[in-house]
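Next come the chains, spelled out residue by residue.
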Amino acid sequence: MDLEEIKEFYSDAEHSTSVTREEASDMLVFGRVTQWDGEFSENCQIEYRGTFDYIKPKRNRILKDLWSNPVDIVFKPKDGADPDAADTLTGMFRADMQRSEEARETALQDQVDCGFGAFRFTTEYESKFDDLNNYQRISMEPISEANNVVYFDANAKKKDKSDATGCGIISTFTKSGWKKYCEENGIDAEANESPMPFRTPEKSRSYFWNAKTDEIKVGEFYEKKKKKERVLIYEDPLGQTKAVYQRDVKNVIDDMEAAGFVKIGEKMKERYIVTKYLVTGDKILKKQRIAGEHIPVIPVYGDWSRVEGREIWRGIYYDAQDAQRLANFSLSYFADTVSQGAREKPIL
């Protein structure tokens, strides 16, 4: 894909979910920052404005249950597979989940508060000290405020987005953070010192933060594309077979010939290739193929549905916000009346 195609992807994904994202972003502010935001604060005549949060205890109880009772996966042997191998995989999965608590907890918080959270899978070397150990393991990386920065393919119909052909993430860096990122990822930091911003993340309607003008916003885009590849079948003198993709043959053919492997057939196979792009507003900085056949970004939803072809997601605060605001208005009015001294009091 070229830069314009990637930008068009983001535009389509944003257009199809813009209303939902804006409402969900408001709920993040409502639940985590202030319940006196926007027009409700500007048009209110009450001097004292208290927050009497009846939703937070219920929200915390839900999160406690989700964190203490995570979804567990048990691998089972199939077609004569070794039972011990299944037990090993189950143990490895649990160990990976324990190492990735931050990513899981961040996604669950967003899921409960605004209805949409996400995390992504990455790979890392098993040992940072043993140069001869080339084994890698999968880890989970948190994505904060996924509602505001994660964009899946607008044409994906499945809830888990397994049918999506692409996914984009908007990442924000400070100048020093961007320079360090470039150095770690083989990007010319001097030539890209102040790149053109790729896109602005979704924001709530309450712009109470002081905007930072020196932040650098880049796009990370995953493309999933179906590809046909030729597979070559080899057999050794003992009758054992081995399948090798044609594009990889040149890397292993010498060792295979030395071991006595002989080509006995070939076939065409369809599989998915996932490519990651790092882009700014005016160019593609880096392109690389990543492991596996799936987009490594995993969404989690609260209340999810579709209405007239558009995705709707909502968290615990959406349906409870009106009652919560009314409680804040009423109790703040009573407190404001009492604090003003001798005035006519409401009699209930």
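The rules behind these values
- Residues numbered from 1 in each chain as written.
- Predicted model: local features only at pLDDT ≥ 70, side-chain atom pairs only at ≥ 80, totals over all residues.
- Heavy atoms only, no water.
- Helix = DSSP H or I, 4+ residues; strand = E, 2+ residues; numbered from the N terminus.
- Expected span 1.5 Å × (residues − 1).
- Bend = angle between axes of the 7 residues up to and from the residue.
- Buried < 20%, exposed > 50% of the residue type's maximum accessible area, 1.4 Å probe, protein only.
- Patch = residues over 30% accessible without salt bridge, like charges linked within 9 Å, V, L, I, M, F, W, Y side chains within 5 Å.
- Areas by Shrake-Rupley, 256 points an atom, 1.4 Å probe, with all protein chains shown as cover.
- Salt bridge = Lys/Arg side-chain N within 4 Å of Asp/Glu carboxyl O.
- Lys, Arg positive; Asp, Glu negative; His and termini not counted.
- Charge placed at Lys NZ, Arg CZ, Asp CG, Glu CD.
- Core = buried A, V, L, I, M, F, W, Y, C linked by side-chain atoms within 4.5 Å.
- Contact = heavy atoms within 4.5 Å.
- Pairing = 2+ DSSP bridges.
- Axes fitted to C-alpha atoms, helices over the stretch in contact; angles between N-to-C directions.
- Phe/Tyr/Trp six-rings, centres within 6.5 Å; stacked < 30°, edge-to-face > 60°.

(A) Summary view of helix α9 (residues 316-339). Helix length check: α9 (24 residues) gives 33 Å between terminal C-alpha atoms against 34 Å at 1.5 Å per residue, within 8%. Of all the bends in α9, the greatest, near 45°, is centred on D322. Within the span of α9, buried status applies to Y317, Y318, Q321, Q324, R325, A327, N328, S332, D336 and T337.

(B) Examining a positive patch on the surface more closely. A contiguous patch of positive charge, built from K225, K227, K287 and R289, is present on the exposed surface. Every element with two or more residues in the positive patch is listed here: β5 (216-235) and β8 (284-289). Looking at the secondary structure, you find K287 in strand β8. Under the relative-accessibility criterion, K287 is labelled exposed at 56%.

(C) The arrangement of a nonpolar patch on the surface in detail. Judged by side-chain polarity, V71, I73, F75, L89 and M92 come together as a nonpolar surface patch covering roughly 460 Å² of accessible area. Within the secondary structure layout, I73 lies in the loop between α3 (56-68) and α4 (83-99).

(D) View of the nonpolar core. Y10, I143, V150 and V297 are the most contacted members of the largest nonpolar core, which has 32 residues in total. When residues of this core are traced back to their parent elements, those giving at least two are α1 (3-32), β1 (116-125), α6 (146-149), β3 (150-152), β4 (166-173), β5, β7 (262-279) and β9 (297-301). With seven residues, α1 is the largest single contributor of residues to this core. Apart from the residues lying within four places of it in its own chain, the contact partners of I143 are T106, D110, A118, F119, R120, V149, V150, I169 and V297. Residues F173, I187, V218 and L285 belong to the second largest nonpolar core, which totals nine residues.

(E) A look at the environment of S25. Along the chain, the position of S25 falls in helix α1. The exposure class of S25 is buried, given its relative accessible area of 3%. A C-alpha to C-alpha distance of 9.9 Å links S25 and A146, two positions 121 residues apart in sequence. For S25, the residues in contact, after removing those within four places along its chain, are N147, N148, E202, K203 and S204.

(F) Seen up close, the sheet that holds β9. Across the sheet, three strands lie side by side as β2-β1-β9; this open sheet has antiparallel pairing. In the strand order of this sheet, the two ends are held by β2 (136-143) and β9, each with one partner. For this sheet the average axis-to-axis angle between neighbouring strands, irrespective of direction, equals 30°. For β1 and β9, the ladder comprises five bridges, and the chain directions are antiparallel. The residue of β9 that forms the bridge with F116 is Y301.

(G) Local environment of the packing of aromatic side chains. Scanning all chains against the criterion turns up 18 aromatic pairs. Pairing W36 with F329 gives two aromatic rings, centres 5.3 Å apart and planes at 65°, and the pair type is edge-to-face. Of the two residues, W36 is situated in the loop between α1 and α2 (38-42) and F329 in helix α9; the sequence distance between them amounts to 293 residues. Owing to a relative accessible area of 10%, W36 belongs among the buried residues under this scheme. Classification of F329 by relative accessible area gives partly exposed; the value is 27%. Plain terms: the ring middles of W178 and Y181 are 5.9 Å apart, the flat faces sit at 15° to each other, and that makes the pair stacked. In this pair, W178 and Y181 are both assigned in helix α7 (residues 175-184), three residues apart and thus about one turn of the helix distant.

(H) Geometry of the side chain of E220. Within the fold, E220 resides in strand β5. Classification of E220 as buried rests on a relative accessible area of 5%. Contacts of E220, omitting those with residues within four sequence positions, involve Y10, R120, C167, G168, I169, S171, Y181, K276, Y277 and L278.

(I) Spatial organisation of the environment of A107. Following the sequence through the fold, A107 ends up in helix α5 (residues 101-114). Between the C-alpha atoms of A107 and R314, which are 207 residues apart in sequence, the distance is 14 Å. Other than its neighbours up to four places away in sequence, A107 contacts G117, A118, F119 and V300.

(J) Quick peek at unusual backbone geometry. Residue K161 is not a glycine yet carries a positive backbone phi of 60°. Assignment of secondary structure puts K161 in the loop between β3 and β4. A relative accessible area of 5% places K161 in the buried class. In the Ramachandran plot, E308 falls in the positive-phi region, its phi being about 55° despite a non-glycine side chain. Its location among the elements puts E308 in the loop between β10 (303-307) and β11 (310-314).

(K) Here's a closer look at a negative patch on the surface. On the surface, D2, E4, E5, E8 and D12 cluster together to form a negatively charged patch. Within the secondary structure, E8 sits in helix α1.

(L) Fine view of the pairing of β11. Side-chain alternation along β11 places E311 and W313 on a buried face and R310, I312 and R314 on a face that remains uncovered. Strand direction decides the pairing type here: β10 and β11, joined by five bridges, are antiparallel. Each residue of the ladder has a partner; that of D303, found in β11, is R314. The antiparallel hairpin formed by β10 and β11 contains two residues in its connecting segment, where E308 sits at a positive phi of about 55°.

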